[in-house]
Amino acid sequence: MVTDRPEGTVAVRLTEVEAYSGEGMDPAAHSHRGPTPRAAIMFGPPGRLYVYFSYGVHWCANVVVGPEGTGSAVLLRAGEVAVGEELARVRRPAARAARDLARGPARLAAALGIGPGDLGTDLLDPAAPVRLHAGDRPDGVSAGPRVGITKATELPWRFWETGAPSVSPFRPGGPRRRRPAGQDGVP
């Protein structure tokens, strides 16, 4: 993934993604209820950038995939900065190590400088300011449950480069459990 901005270029080699299906089987997908104003871009055409504001704090980036009309996308979860590390550090001053510059979907979007103005960008257009390029295949790919969701947590639709230091730590989702009242769970 490459972004060209007036202040410079940043390229990230993706190391972790999550799939979201709009075919009615994935209640965790933004497109699950159909083409709402927020999720309309997910219904195609494929190869477009879906950018959304998460928890009112961070921007996250997805690649629209699948046939037009299905509402499927892949969340870009993590990557390693390959070009433009100095600019990525300016955008992510809290990152202590290079592996943390684009570790997690909000950090990845911030390192690349992706925001609301990029919504709908054709990632396959060589003249676009945000582009997706094919990279080298990793030596190993692992799969498992998605991170930080509370619905469809059993689907193994998170994929990551095995052993990559930039991969997000796994935090299981699922329904939140309420603790009984009182200290140490004693009412």
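Calculation criteria
- Residues numbered from 1 in each chain as written.
- Predicted model: local features only at pLDDT ≥ 70, side-chain atom pairs only at ≥ 80, totals over all residues.
- Heavy atoms only, no water.
- Helix = DSSP H or I, 4+ residues; strand = E, 2+ residues; numbered from the N terminus.
- Rg over C-alpha atoms; globule rule 2.2 N^0.38 Å.
- Buried < 20%, exposed > 50% of the residue type's maximum accessible area, 1.4 Å probe, protein only.
- Polar contact = N/O pair within 3.5 Å; in protein donor to acceptor, adjacent residues only side chain to side chain.
- Phe/Tyr/Trp six-rings, centres within 6.5 Å; stacked < 30°, edge-to-face > 60°.
- Lys NZ or Arg CZ within 6 Å of the ring centre and 35° of its normal.
- Core = buried A, V, L, I, M, F, W, Y, C linked by side-chain atoms within 4.5 Å.
- Contact = heavy atoms within 4.5 Å.

Before going further, it helps to examine the overall build of the chain. Within the chain, the secondary structure is distributed over two helices and eight strands. Its helices and strands in sequence order give the chain the pattern β-β-β-β-β-α-α-β-β-β, from N to C terminus. Taking 187 residues into account, the globule formula puts the C-alpha radius of gyration at 16 Å, and the chain, at 17 Å, falls close to it. Seen along its three principal axes, the alpha-carbon backbone of the chain occupies a region of about 60 × 40 × 35 Å. Burial status across the chain gives 46% buried among its 187 residues.

Omega for the peptide link from Gly44 to Pro45 comes to 5°, which places this bond in the cis form. Relative to the helices and strands, Pro45 is located in the loop between β2 (8-20) and β3 (49-54). If you check the backbone angles, Tyr55 has positive phi at about 55° while not being a glycine. Tracing the backbone through its elements, the reader meets Tyr55 in the loop between β3 and β4 (58-65). For Tyr55, a relative accessible area of 72% corresponds to the exposed category. In the Ramachandran plot, Ala152 falls in the positive-phi region, its phi being about 55° despite a non-glycine side chain. Counting through the fold element by element, Ala152 comes out in the loop between β7 (141-144) and β8 (158-161). For Ala152, a relative accessible area of 11% corresponds to the buried category.

Moving on to the environment of Arg48. Summarising the element assignment, Arg48 is placed in the loop between β2 and β3. Spatially, the C-alpha atoms of Arg48 and Leu119 are 7.9 Å apart, while their sequence positions differ by 71 residues. A polar contact is formed between the side chain of Arg48 and the backbone oxygen of Gly120, at a distance of 3.4 Å.

Turning to the environment of Leu119, a few remarks are in order. With respect to the secondary-structure elements, Leu119 resides in the loop between α2 (105-112) and β6 (130-131). For the pair Leu119 and Ala61, spaced 58 residues apart in sequence, the C-alpha separation works out to 8.8 Å.

Here we take up the packing of aromatic side chains. Under the defined criterion, the tally for this structure stands at two aromatic pairs. Here Arg158 stacks its cationic end above the ring of Trp160, 4.4 Å away from the centre of that ring.

Once that is clear, we can look at the nonpolar core. Core analysis: the biggest nonpolar cluster contains 23 residues, and Met1, Val10, Val12, Leu49, Leu76, Leu112 and Ile114 have the highest contact counts within it. Where this core is concerned, the elements lending two or more residues are β2, β3, β4, β5 (72-83), α1 (85-91) and α2. Considering each element in turn, this core owes the most residues, four residues, to α2. In this structure Leu49 touches Ile41, Ala61, Asn62, Ile114, Asp118, Leu119, Gly120, Thr121, Leu123 and Val130, once residues within four positions along its chain are discounted. Within the second largest apolar cluster, 14 residues are counted, among which are Ala28, Ala39, Cys60 and Ala73.

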